[in-house]
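Summary of structural features
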Amino acid sequence: MVKVLVCGPTNAGKTSIASFLADSQSAGIGAKDKLYDPTIGCRILEFEASNGANVELWDVSGDQQYESCWPAIMQGTGTGDESPVDGVVLVYNPEIATHDTEVGLWYDQFVKNAGIPDSKCLVFVHRVDPKGGYRSRPPPKLEGCTVHNTTFNSTMEIREHFDGFMQSIKGGGGGFGRK
């Protein structure tokens, strides 16, 4: 089982992306006119990735009121497996002024402080407005991570980037993640 966290600031598109990846549908994710429904604490989605890996995708709330849950999220699956996280997907929206700073805090907490190498961190700079030509420059601390600009209209690219990420976090000995 490969444990991947999806985390970042509130209202960035994390839940829409996580649901899309777990559902394996190629059509639409999110919607500009959909009401914002924040994740409470964390939700876990299980699915088989295109490369055959069994994935636990942990959709972590962006609300820092759940910070007391973070140590448990960083542990094993709750099934007696206390292995660390295999990878982190950070999602932030450059259209929200505070997100450029906030994503750095999420990086510090879930990647740097957890000892996860940057090679196991994928960043989606996720815009709601696909017509905007602005390409966000991620904060300097994310320069070692793989960064992709995405929108709700770039579903195929999101899936391709995630599939490539799953290949990159392949565990030692040819297997994936933890046993």
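Residues numbered from 1 in each chain as written. Predicted model: local features only at pLDDT ≥ 70, side-chain atom pairs only at ≥ 80, totals over all residues. Heavy atoms only, no water.

A closer look at the pairing of strand β5 (residues 121-127)
Quick reminder of the rule: Relative accessibility under 20% of the residue-type maximum defines a buried residue, over 50% an exposed one, and the middle range a partly exposed one, all with a 1.4 Å probe and only protein chains included. Note on conventions: DSSP H or I runs of at least 4 residues are helices, E runs of at least 2 residues are strands, and numbering of each starts at the N terminus. Two strands form a pair only when DSSP identifies at least two bridges running between them. For a crossover, the right-handed case is the one in which the path from the first strand over the helix to the second runs clockwise, viewed with the strands pointing away from the viewer.
Taken across its 7 residues, β5 has 7 buried, putting it largely inside the fold. The pairing of strand β4 (residues 87-92) with β5 spans 5 bridges and is parallel. Considered in β5, the bridge of tyrosine 92 is made with valine 125. The parallel pair β4 and β5, bridged by helix α3 (residues 99-112), forms a crossover whose chirality is right-handed.

Considerations on the confidence of the model for the chain
Note the following rule: Confidence of the prediction at every residue is given by pLDDT, a number between 0 and 100. Whether two residues are in contact is decided by their heavy atoms: any pair within 4.5 Å suffices.
A residue-level look at the chain finds 80% of positions with pLDDT of 70 or above and a mean pLDDT of 82. Considering each helix and strand of the chain separately, the mean pLDDT is smallest for helix α2 (residues 70-74), with a value of 87, and largest for β4, with 96. Here residues 171-179 scores under 50 on pLDDT; set against residues more than four positions off or in separate chains, the count is 21 contacts.

So, helix α1 (residues 14-23)
Looking only at α1, the buried set comprises Lys14, Ser16, Ile17, Ala18, Phe20 and Leu21. Taken together, the buried residues of α1 touch β1 (2-7), β2 (42-48), β3 (54-60), β4, β5 and α4 (155-168).

Let's talk about the side chain of threonine 39
We apply this condition: Between N or O atoms, a polar contact is any pair within 3.5 Å; within protein, one atom must be a potential hydrogen donor and the other a potential acceptor, and residues adjacent in sequence are included only when both atoms are from side chains.
Mapped onto the fold, threonine 39 is located in the loop between α1 and β2. Only 2.6 Å separates the side chain of threonine 39 from the side chain of threonine 15, close enough to count as a polar contact. Residues in contact with threonine 39, not counting those within four places in the same chain, are Thr15, Asp59, Ser61 and Tyr66.

A closer look at the pattern of salt bridges
Short version of the rule: A side-chain nitrogen of Lys or Arg and a carboxyl oxygen of Asp or Glu constitute a salt bridge if their distance falls within 4 Å.
Counting across every chain of the model gives 3 salt bridges. A salt bridge links aspartate 59 to arginine 43, with the shortest nitrogen-to-oxygen separation between them at 2.8 Å. Here arginine 43 lies in strand β2 and aspartate 59 lies in strand β3, a separation of 16 residues in the sequence. For aspartate 59, a relative accessible area of 0% translates into the label buried. The partner of arginine 127 in a salt bridge is glutamate 95, and the shortest N-O contact between them spans 3.4 Å. Linking arginine 127 in strand β5 with glutamate 95 in the loop between β4 and α3, this pair joins segments that are 32 residues apart in sequence. Judged by relative accessible area, which is 34%, glutamate 95 ranks as partly exposed.

A short note on the environment of glutamate 102
Within the secondary structure layout, glutamate 102 lies in helix α3. A residue is classified by how much of its surface remains accessible, and glutamate 102, at 23% relative accessible area, is partly exposed. Reaching out from glutamate 102, the side chain makes a polar contact with the side chain of threonine 98 at a distance of 2.7 Å.

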